[in-house]
Structure formats: structure tokens, C-alpha cells
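So the chains spell out like this:
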Amino acid sequence: MKSTEFCARPRYAEPMPYDALVERLTAGLDPVSVSAFPDGSVDDYYRLRDGEASVASREAFASAIRAGRDSFVLDHVATDAGGQSVNAARQAAALGDDVTLAGHLDHAIFDSEFDFETVSMGTPARVRVHCFDADDVMFVEESADLESWSFADLQGALGDRLEPFLTADALCCTNWASVPGLESALRDVAARAPDGGVFCVDPGPITASQASDLLDALARLEPSYDVALSVNEAEARHLAEGVGHDGDPSDAGALDAIRQAASAAGVVVHGVDVATAVTPSGQVSVPTLDTPRALTETGAGDRFTAGFARSLAAGWDWDVAAAMGNACAGHYVAGDGTGTPTSLREHVLATRP
């Protein structure tokens, strides 16, 4: 997976990524097997109100606090099954893939939610999402089961299905930042030396101090998987700081340093304006779709990760896989839910750059 030469020049493959994506969505997707683990949450969405006026931004909220306001009204909007692995599994299933979710799903909201295989390893977290016009804020009530989770829990929940789970075409591992047991769990996975496919990690809101432990754990997986890191701009910045760079998420050299530290096949940053991927062959950049924001962006990055990972597992080039991730995220941000091949095709045709 490592290369002796890295080309930092952005490139596009021919045809352009969204052209190629529309062709694939029109022709129909060949299903792949996708596994996702280990989190889960019950997500309550709220709008914040100051008297009769909506508090539309973080800045407005901060200004009201500084002005001495100490009471706000919460308007409940919706409750949904959440968690990064849950969202990724929902997206892969909507694309027609063969999905297995091992999460923390012990709550009634998960009982009849999914039409794919699930196993539960305990109680989910509780998340209160405060929706602002540009950038949500989440308040998390952590789950004791998630805090104490280990590889033994995954093994116990799956039983004789563990090996197929670990050797899926795409394995989505999420929320490193909030699941302390993932570091040792990845070491346990590496010790089993599975003959795996794409191992795509979306670490969640990781800090620079957590970066070296994550990258070291991922490097152990390299003989068994094609490791891919899927991060947002803030997460890329913290990982870059962890490998000694200034944290600029658009710096191809910093992203390649992250890739090399993880012995990864590549790193993709799903940014607001562009998705940027760095592999040993160089850098590719795919502009995001022109999508108006509806209720929330929470969960869009998880859908990017699923669309991206399953596309890599299907053998697609990195730029087309990134275009698929952008389409899945944009479709969700627009308020149209989790995209199917048909709805994603229409969304891309309507919003492509």
C-alpha cells in the first residue's frame, strides 16, 4: 500500500467523477457486503427559542448568553435512531448492500427500525441535537455500556458470525473518539489476521492527543485490510497536528503524513466545499453538490463514509467513491433522507457543479 513517490497535484479521472457516478447509478449497483460497528444512540432534535424568536446560530446563542440571558425554550422537532455506525448501516442498506450492524441498540426505537441484520451489545447513548442554521451542537449523555465496550462484546454478540463480519467487503468502524475500547479492539482484530476488504474508519470528534493511538492501531491492520480514514475538516486538522503538521486540512502533505502513519490506502476529508482524498498515487478533489440545508447536517458525514467505503469495496476509483460520498451526504442534508440509487441519481443531476 505504501508508495515511494507521492504526487500532490490534484487530479480528476476521466470521465469526471459525477459523470461516472450517474452512469453507475443508472446501470444499477452490484451489492457488496458491509459491516458496521460499534456505537448507537437515540437522537432528539430541538430548535432553540428566545421568547418568540428562533435562535438561529451559535453566534446568536453566545450573544444572548453574554447579554445575560439565562433561560431559553426548547422546541422538540424529532426523535430518531442514531449513532455513526447506525447511520452508515442505513445508508449502505439503502444502496442495496448486504449489511450487518453490531451496535448498541437496546432501546425500543431500534426494535422495528431496520430491514437488515442487527445485533445489540448494550444500551445506546442519548444525544440532544440543537439545530442551528449552519452548524448543529450536540449534547451527549454517554452510555456506560459503550464506555466499557470491548472486542469480547462484539465476539459474544456475533458468535459464529464474527468471521464473516470481519471479512466483509467493507467494514465501517466509527466513533473512536467516544468508545475507549476501540484501541484494544483493533489490536484484537489485527491479531486474528482476517482476510478482509476495505476497513474504513470515521473516528468522530477526535482530538490531537488521541491521534497517535488511533494511527498506531490502524497501522496494525494494514496486512489484513485496505485501511481508509474518512474525516471531516476539524478531525483532519487534529490528526495533522498529531503527526507534526500545522493542521491545515487542505494540505496534501499533511494528509499523506496521516496516511503513512496509519499505513493506510488513503485518507479522505469530506469538507463543506470539497471532498479531498490522498492516496500513494496523489490527491483527488471532488467539489460537493450545491445542496441547500434543511433541518440538520448531523448524520451526513456518516452517510458519506458508508457511500464512500462501499464504493471503494466495489472497486471504484477514489474520486468516484468520493463523489458517491458527497451525493449521500448532500441528499441527507437537503432533507431528503437516506438516498437510494434512484434518488441519488436525481439529486446529482439536479445539484452537480
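Located above this text is the structure these notes cover.
Being a predicted model, the structure only gives us computed values, none of them experimental.

A. Layout of the environment of Ala89. Mapped onto the elements, Ala89 comes out in helix H3 (residues 84–94). Looking at Ala89, the relative accessible area reads 0%, which means it is buried. Between the C-alpha atoms of Ala89 and Ser178, which are 89 residues apart in sequence, the distance is 18 Å. Those residues in contact with Ala89 that sit more than four places away from it in its chain are Ala36, Val99, Leu101 and Phe116.

B. View of the pattern of salt bridges. Across all of its chains, the model carries 14 salt bridges by this definition. Measuring nitrogen to oxygen at the nearest pair gives 3.8 Å for the salt bridge that ties Asp133 to Arg47. Here the residue Asp133 occupies a position in the loop between strand E8 (125–130) and strand E9 (137–141), and Arg47 occupies one in strand E3 (residues 41–50), the gap between them amounting to 86 residues.

C. Here's a closer look at the layout of surface pockets. Approximately 1600 Å³ is the volume attributed to the largest pocket. The wall of the largest pocket is formed by 50 residues, among which Asn232, Glu297, Thr298, Gly299 and Gly301 lie closest to the centre. Counting residues per element, the ones that place at least two in the lining of the largest pocket are E3, H3, E8, E9, helix H9 (233–242), helix H11 (300–313) and helix H12 (318–336). Top contributing element to the lining of the largest pocket by residue count: H9, with 5 residues. A per-class count over the lining of the largest pocket returns 16 nonpolar, 20 polar and 14 charged.

D. Summary view of the nonpolar core. If you look at the biggest cluster of nonpolar residues, it comprises 56 residues, and the most contacted ones within it are Leu21, Leu101, Phe308, Trp318 and Met324. At 11 residues, H12 tops the list of elements feeding residues into this core. Excluding residues that lie within four positions of it along the chain, Met324 makes contacts with Leu21, Leu25, Leu29, Leu95, Gly307, Ser311, Trp316 and Leu344. Counting 47 residues, the second largest nonpolar core, distinct from the first, contains Ala102, Met121, Val189 and Ala190.

E. Layout of the pairing of strand E12 (residues 226–231). Along E12, 5 of the 6 residues are buried, which leaves the element largely enclosed by surrounding structure. Pairing of strand E11 (residues 198–202) with E12 involves 4 bridges; the strand directions are parallel. Looking at E12, one finds that Val198 is bridged to Asp226. Where the polypeptide runs from E11 across helix H8 (residues 208–219) and back to E12, its parallel neighbour, the crossover connection is right-handed.

F. Main features of empty space enclosed by the protein. Per the stated rule, a full pass over the model turns up 1 cavity of 30 Å³ or more. What the largest cavity holds in volume is close to 40 Å³. Around the largest cavity sit Asp43, Tyr45, Asp80, Ala81, Gly82, Asn87, Thr298, Gly299, Arg303 and Tyr332, which together line it. Elements with a minimum of two residues in the lining of the largest cavity: E3 and strand E5 (73–82). The element contributing the most residues to the lining of the largest cavity is E5, with 3 residues.

G. Region of the structure containing H11. An ideal rise of 1.5 Å per residue puts 20 Å on 14 residues; H11 measures up with 20 Å between its terminal C-alpha atoms. Most of H11 is tucked away, with 12 of its 14 residues classed as buried. Positive phi appears at Gly315, one or two residues downstream of H11, with a value of about 90°.

H. Summary view of the packing of helix H1 (residues 17–27) against H12. It is at 9 Å that the axes of H1 and H12 come closest, and there the two elements cross at 75°. Comparing their axes, H12 and H1 come out roughly perpendicular. Residues Pro17, Tyr18, Ala20, Leu21, Arg24 and Leu25 of H1 touch H12, and the partners they reach there are Asp319, Val320, Ala323, Met324, Asn326 and Ala327. Split into classes, the residues belonging to the contact of H1 with H12 amount to 9 nonpolar, 1 polar and 2 charged.

I. Summary view of unusual backbone geometry. Of note, the amide linkage connecting Phe37 to Pro38 takes the cis form, showing an omega dihedral of 0°. In this fold, Pro38 is placed in the loop between strand E2 (33–37) and E3. One non-glycine residue, Ala193, adopts positive backbone phi at about 50°. Looking at the element boundaries, Ala193 is found in the loop between helix H7 (182–192) and E11. Here Ser263, not a glycine, exhibits a phi torsion of approximately 50°, which is positive. With respect to the helices and strands, the residue Ser263 is situated in the loop between helix H10 (252–261) and strand E13 (266–270). The buried category is assigned to Ser263, whose relative accessible area is 11%.

J. Molecular detail of the environment of Trp318. One can find Trp318 in helix H12. Along the sequence, Trp318 and Ala350 sit 32 residues apart, while their C-alpha atoms lie 23 Å from each other. For Trp318, the contacting residues outside a window of four places in its chain are Ala228, Ala265, Gly266, Val267, Ala277, Thr279, Val284, Phe308 and Leu312.

What counts, and where the lines are drawn
- Residues numbered from 1 in each chain as written.
- Predicted model: local features only at pLDDT ≥ 70, side-chain atom pairs only at ≥ 80, totals over all residues.
- Heavy atoms only, no water.
- Helix = DSSP H or I, 4+ residues; strand = E, 2+ residues; numbered from the N terminus.
- Buried < 20%, exposed > 50% of the residue type's maximum accessible area, 1.4 Å probe, protein only.
- Contact = heavy atoms within 4.5 Å.
- Salt bridge = Lys/Arg side-chain N within 4 Å of Asp/Glu carboxyl O.
- 1 Å grid on protein atoms, 1.4 Å probe; cavity = no way out; pocket = protein on both sides within 12 Å on 5 of 7 lines; lining within 4 Å.
- Points joined across faces, edges and corners; volume = space filled by probe spheres on them.
- Nonpolar A, V, L, I, M, F, W, Y, C, P; charged D, E, K, R; others polar.
- Core = buried A, V, L, I, M, F, W, Y, C linked by side-chain atoms within 4.5 Å.
- Pairing = 2+ DSSP bridges.
- Right-handed = clockwise from strand over helix to strand, strands pointing away.
- Expected span 1.5 Å × (residues − 1).
- Axes fitted to C-alpha atoms, helices over the stretch in contact; angles between N-to-C directions.
- Parallel < 35°, antiparallel > 145°, perpendicular 65-115°, else oblique.

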